[in-house]
Amino acid sequence: MSAADMLAEILHLPAEERARLALELIRSLDTEAEAGAADAWDDEIARRGAEVDAGVAQTMTVDEYRAHVRQRTQVVGRIIGRDATSVRRGDGLPPCTTVPRPGSLNA
């Protein structure tokens, strides 16, 4: 079967199945981490930790974070035409730029 034939068949699938297949195809392109990616993440983690330590980071409690995630999930569900409970793992969401308040994870 040619790629064009497979695409024609895929386009007849329900939107949720097409989205799942698209995600898997995109993930299949990310076979190797970019050079320096681990070091870049280490630097980012250190930077964010320093912001928290300096008191300049925007933080939130665990309850605030949970409410934030619920709201984002509902918004994404409306955008893609699915109910909030079917939006999994936040795929396709922009990264959250807030971090929990120090000590709030012990609650």
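The structure presented is a predicted model; accordingly, all values stated were derived computationally and were not measured.

1. Comments concerning the overall build of the chain
Counting its regular elements, the chain contains 4 helices and 2 strands. For the chain, the residues scored as buried account for 10% of the 107 residues in total. Summed over its atoms, the accessible surface of the chain is roughly 8600 Å², and 57% of this surface lies on carbon and sulfur atoms.

2. Some details on the pattern of salt bridges
All chains considered together, the criterion is met by 6 salt bridges. For Arg27, the salt bridge is made with Glu24, and the minimal N-O distance between the two is 3.5 Å. Of the two residues, Arg27 and Glu24 are both situated in helix α2 (residues 15-29); the distance of 3 residues between them amounts to about one turn of the helix. Overall, Glu24 belongs to the partly exposed group, its relative accessible area being 40%. Taking the shortest distance from any N to any O, the salt bridge between Glu51 and Arg47 comes out at 2.5 Å. With Glu51 and Arg47 both in helix α3 (residues 37-54), this residue pair falls 4 residues apart, about one helical turn. Look at the salt bridges and you will find they share partners, linking Glu44, Arg47, Arg48 and Glu51 into a network.

3. Regarding the confidence of the model for the chain
On average, residues of the chain score 78 in pLDDT, and 74% of them are at 70 or above. When pLDDT is averaged over each helix and strand of the chain, the minimum, 54, is found for strand β2 (residues 99-100) and the maximum, 91, for α3.

The rules behind each value
Residues numbered from 1 in each chain as written. Predicted model: local features only at pLDDT ≥ 70, side-chain atom pairs only at ≥ 80, totals over all residues. Heavy atoms only, no water. Helix = DSSP H or I, 4+ residues; strand = E, 2+ residues; numbered from the N terminus. Buried < 20%, exposed > 50% of the residue type's maximum accessible area, 1.4 Å probe, protein only. Areas by Shrake-Rupley, 256 points an atom, 1.4 Å probe, with all protein chains shown as cover. Salt bridge = Lys/Arg side-chain N within 4 Å of Asp/Glu carboxyl O. pLDDT = per-residue confidence, 0-100.

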